[in-house]
Amino acid sequence: MSGTRRRGRTPVEAAGRGSRARSGGGRGGAGGTRLTRRGRVLAWGAGVTSVVVLGVGGVGAWVYNDLNNNIDSAAVDDKLGDDRPENLSPGSKNIMVVGSDSRDGANAKYGKDLTTMQSDTLMVLHIPANRKWAAVVSFPRDSWVDIPSCEMGGGKTSDPHKAKINEAFAIGGSAGEVAGAAACSIKTVEAHTGLRIDHFMSVDFSGFKGMVDALDGIEVCPKEPIKSDKARLEMDAGCQTVDGEKALGYVRVRYGVGDGSDIGRIGRQQEFMDALAAKAQSKLTSPDALYGFLQSATKSLTTDPDLAGIKQIYGLANELKGIPSDRLAFLTVPNYPREADIPVDKANVVWQYPQAADLFTSLAKDKEMTKAQLQAAAKNLVYASQVRVQVLNGTGQSGRAAAVAERLRTMGFTVSGTGNAPETVTRTSVSFPAGLEKQAAVLSSRLPKARSAAAADAQAGVVTLVVGPDLDLGELS
C-alpha cells in the first residue's frame, strides 16, 4: 500500500467521527490457554507464523516457492481515495488484520442467511519506528460506527450509514473480492481512528481449520461447559484437544459462553492463537505436520501487494521477534454498551471518549500505551447520556443550533436546550463550569476542532456548545 501520504484527519479528528466507548482491554472468555503474547500476533498473521517456522526449519527452495505462490495479494490503494490520515510517525507501521470467511458450505452453521464475506475479527498491529515495543488493538465487532461510502463491485457504491464495524468488510466484499472488503474496512478504521493503515492481512477461517488439523489438534481448557445451538458446538469443561472443525466453532462461538459478549470472544481468540503458535513451533521436527500447517496457513492468507510474499512477511516477523514480550500490549478499544445512551439498542457497543481518542493519538504519534495505562484511563467512565449540553447558535445562520442538537441526541447526549449565542463567532467552542471537566472532555473529544475551556460564568450543571461556521455536521457521528 505504497503511495503519497496526504494530509487527512488527525487521530482526534477521526476519533471524533466514531462511536463512543467502554473500558476495554480485558481478556475474558472461556479458554484456559496461557502462552506467549508474541505468539498471538504471529498466529493471527498466519503467514507471519509460517515464515518464522519456515526460516527456522530451513526447508528446500521448492517448498519455499510452493508456499510463496500460495499467498494471494489484493490491491486496495485505488479504492481508498485521497482523504486519508497523515502518517505522523514515519518509520512506524500500522497493519490491519482481519479474520474472514464466507458463510457457505460447512461454515454455514456459524451464521445463517449470510452469503457475503464476513469478518468476526478486526485488529490493528502498530509497530513503532524504533521497533522496541508494539501494540495490537482489537476492535469489537459490535462497535456502532459510521460506515463510509465504499465500492461494492459492478460499478456500485454503498451509501454512508451507521452499522456494526464488521459490516464494512461485508459491504466492500459484496462482489466476493477481498480487495473491496479490505478497502472498506480500512476506510472505516482510518476514518474513526486517524491511523494511516500501511498494510493489511486477511486470514480466511477455512484455512484456519486446516492449520489446526495439520497439527493434530489444539488443546483448549474452557472453565465452563459450552453449549451453543447457533454454532452447533457442545464442549465439556476442562482441558481437551479439538480438531479444526470444533476449533473454528470454539473461536467463533459467542452466545452460550461466559457473558455472551464479543469482548469475551476476543479474549478467547487471543488465547487460542497463543496455543496454535506454540503447537506449530513444537512441530519443527515433523516435516509432514509442518508442511501441512504451512500449506493451510499460506493458502488462507491474502495481503496487500507490498506484503505478499514469504520474504516480505519473514522480514516483518523478524521485526516482531526483536520486541520484548513485556513490551507487546494487547488492547481493546475502550467501549461500553450503547444501551447506556440509547436504551432500545441492546446489541451494540460504543467507544468510550476521550479514552479512545487518546489511544489512537498515542499510537499515531508513536507513543507507547500499555494495557495497564489504558485500563486506568478507562475507569470512572462518563456515558454520553450523562452529559447535559446547551447548544447555542453562533453562526447567524437560522436553524443551526436545532440541527446540531438533533445530531447530538442521536449520539446519546442529553440536550438541555437550544438558543442563539450573544454574538456570532468564527470557531466552535465548548465551555463548562467547575466540576464538569470529564463531561466536557467527552463532548470535546467528538468536536476536535472546538476550543474547550472552563468558564466562571458558565451555566451550572451543563456543558455549553457554541456552534461556529467551522462545525461540519458530518463530523458529529
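Model, not experiment: these values are computed from the prediction.

Basis of the calculations
Residues numbered from 1 in each chain as written. Predicted model: local features only at pLDDT ≥ 70, side-chain atom pairs only at ≥ 80, totals over all residues. Heavy atoms only, no water. Salt bridge = Lys/Arg side-chain N within 4 Å of Asp/Glu carboxyl O. Helix = DSSP H or I, 4+ residues; strand = E, 2+ residues; numbered from the N terminus. Buried < 20%, exposed > 50% of the residue type's maximum accessible area, 1.4 Å probe, protein only. Disulfide = S-S within 2.5 Å. Core = buried A, V, L, I, M, F, W, Y, C linked by side-chain atoms within 4.5 Å. Contact = heavy atoms within 4.5 Å. Axes fitted to C-alpha atoms, helices over the stretch in contact; angles between N-to-C directions. Parallel < 35°, antiparallel > 145°, perpendicular 65-115°, else oblique. Left-handed = near helix turned anticlockwise from the far one by under 90°. Nonpolar A, V, L, I, M, F, W, Y, C, P; charged D, E, K, R; others polar. Polar contact = N/O pair within 3.5 Å; in protein donor to acceptor, adjacent residues only side chain to side chain. Phe/Tyr/Trp six-rings, centres within 6.5 Å; stacked < 30°, edge-to-face > 60°. 1 Å grid on protein atoms, 1.4 Å probe; cavity = no way out; pocket = protein on both sides within 12 Å on 5 of 7 lines; lining within 4 Å. Points joined across faces, edges and corners; volume = space filled by probe spheres on them.

A.B. asks: So what exactly am I meant to see when it comes to the pattern of salt bridges here?
C.D. replies: Between side chains of opposite charge, a pair can form as their charged atoms come close. Inspection of the entire model under this criterion finds 13 salt bridges. The closest approach of N and O atoms between Arg131 and Glu319, which form a salt bridge, is 2.5 Å. Placement of Arg131 in the loop between strand 3 (117-127) and strand 4 (134-138) and of Glu319 in helix 11 (residues 310-321) is noted, with a sequence separation of 188 residues between them. Judged by its relative accessible area of 22%, Glu319 is partly exposed. Between Arg409 and Glu406 there is a salt bridge, with its nearest N and O atoms 3.6 Å apart. Of the two residues, Arg409 and Glu406 are both situated in helix 14 (residues 400-410); the distance of three residues between them amounts to about one turn of the helix. Sharing partners across several salt bridges, the network here consists of Lys93, Arg131 and Glu319.

A.B. asks: Sorry if this is basic, but what is going on with the state of the cysteines here?
C.D. replies: Note: disulfide means a covalent bond formed between the sulfur atoms of two cysteine side chains. Within the structure shown, the criterion is met by two disulfides. With its sulfur 2.1 Å from that of its partner, Cys150 forms a disulfide with Cys184. Disulfide Cys150-Cys184: torsion about the S-S bond near 80°, hence right-handed. Taken together, the residues Cys150 in the loop between strand 5 (144-147) and strand 6 (151-153) and Cys184 in helix 6 (residues 178-193) connect sequence positions 34 residues apart. Here Cys184 falls in the buried class, since its relative accessible area comes to 1%. One disulfide bridge connects Cys221 with Cys239, the sulfur atoms lying 2.1 Å from each other. Across the S-S bond of Cys221 and Cys239 the torsion is about 105°, and the bridge reads as right-handed.

A.B. asks: Please clarify how the nonpolar core should be interpreted in this entry.
C.D. replies: It is characteristic of soluble globular proteins that their nonpolar side chains tend to be buried jointly. Within the largest apolar cluster, 48 residues are counted, with the highest numbers of intra-cluster contacts made by Phe208, Phe272, Leu276 and Phe293. Filtering out sequence-adjacent residues up to four positions away, Phe208 remains in contact with Ala247, Leu248, Val251, Phe272, Met273 and Leu276.

A.B. asks: Whenever I open this one, the packing of helix 7 (residues 205-214) against helix 8 (residues 244-252) confuses me. Can you help?
C.D. replies: Packed helix pairs are specified by the crossing angle of their axes together with the interaxial distance, meaning the distance between the axes. With their axes 8 Å apart at the nearest point, helix 7 and helix 8 run at an angle of 125° to one another. It follows from the interaxial angle that helix 7 and helix 8 lie oblique. As helix 7 packs across helix 8, the resulting crossing turns out to be right-handed. Of the residues in helix 8, those touching helix 7 at Phe205, Phe208, Lys209, Val212 and Asp213 are Gly244, Glu245, Ala247, Leu248, Val251 and Arg252. In terms of residue class, the contact of helix 7 with helix 8 is built from six nonpolar, one polar and four charged.

A.B. asks: Please clarify how the environment of Phe360 should be interpreted in this entry.
C.D. replies: Its location among the elements puts Phe360 in helix 12 (residues 355-364). A relative accessible area of 1% places Phe360 in the buried class. Sequence separation of Phe360 and Thr193 is 167 residues, and the distance between their C-alpha atoms is 5.7 Å.

A.B. asks: Please explain the side chain of Thr193 as it appears in this structure.
C.D. replies: Checked against the element boundaries, Thr193 lands in helix 6. The exposure class of Thr193 is buried, given its relative accessible area of 0%. Looking at Thr193, its side chain comes within polar contact range of the main-chain nitrogen of Leu195, at 3.1 Å.

A.B. asks: Before we go on, may I ask you to explain the packing of aromatic side chains in this structure?
C.D. replies: Here a ring pair, both rings aromatic, is described through the centre-centre distance and the interplanar angle of the planes. A complete count under the given rule lists five aromatic pairs for this structure. Note on Phe139 and Trp351: the rings are 5.9 Å apart at their centroids and 50° apart in plane angle, and the pair reads as tilted. Of this pair, Phe139 sits in the loop between strand 4 and strand 5 while Trp351 is found in strand 17 (residues 349-351), placing the two residues 212 residues apart along the sequence. Both residues of the pair, Phe139 and Trp351, count as buried.

A.B. asks: It is not clear to me how empty space enclosed by the protein should be interpreted in this structure. Could you clarify?
C.D. replies: Over the atoms, a rolling probe the size of a water molecule traces out where space has been left empty. Inspection of the entire model under this criterion finds eight cavities of 30 Å³ or more. Here the second largest cavity defines a volume of roughly 70 Å³. As for the second largest cavity, its lining consists of ten residues, of which Thr121, Met123, Ser138, Ile266 and Gln269 are closest to the centre. If you list the elements that add at least two residues to the lining of the second largest cavity, you get strand 3 and helix 9 (262-282). The leading source of residues in the lining of the second largest cavity is strand 3, at four residues. Of the residues belonging to the lining of the second largest cavity, the class tally is five nonpolar, four polar and one charged.

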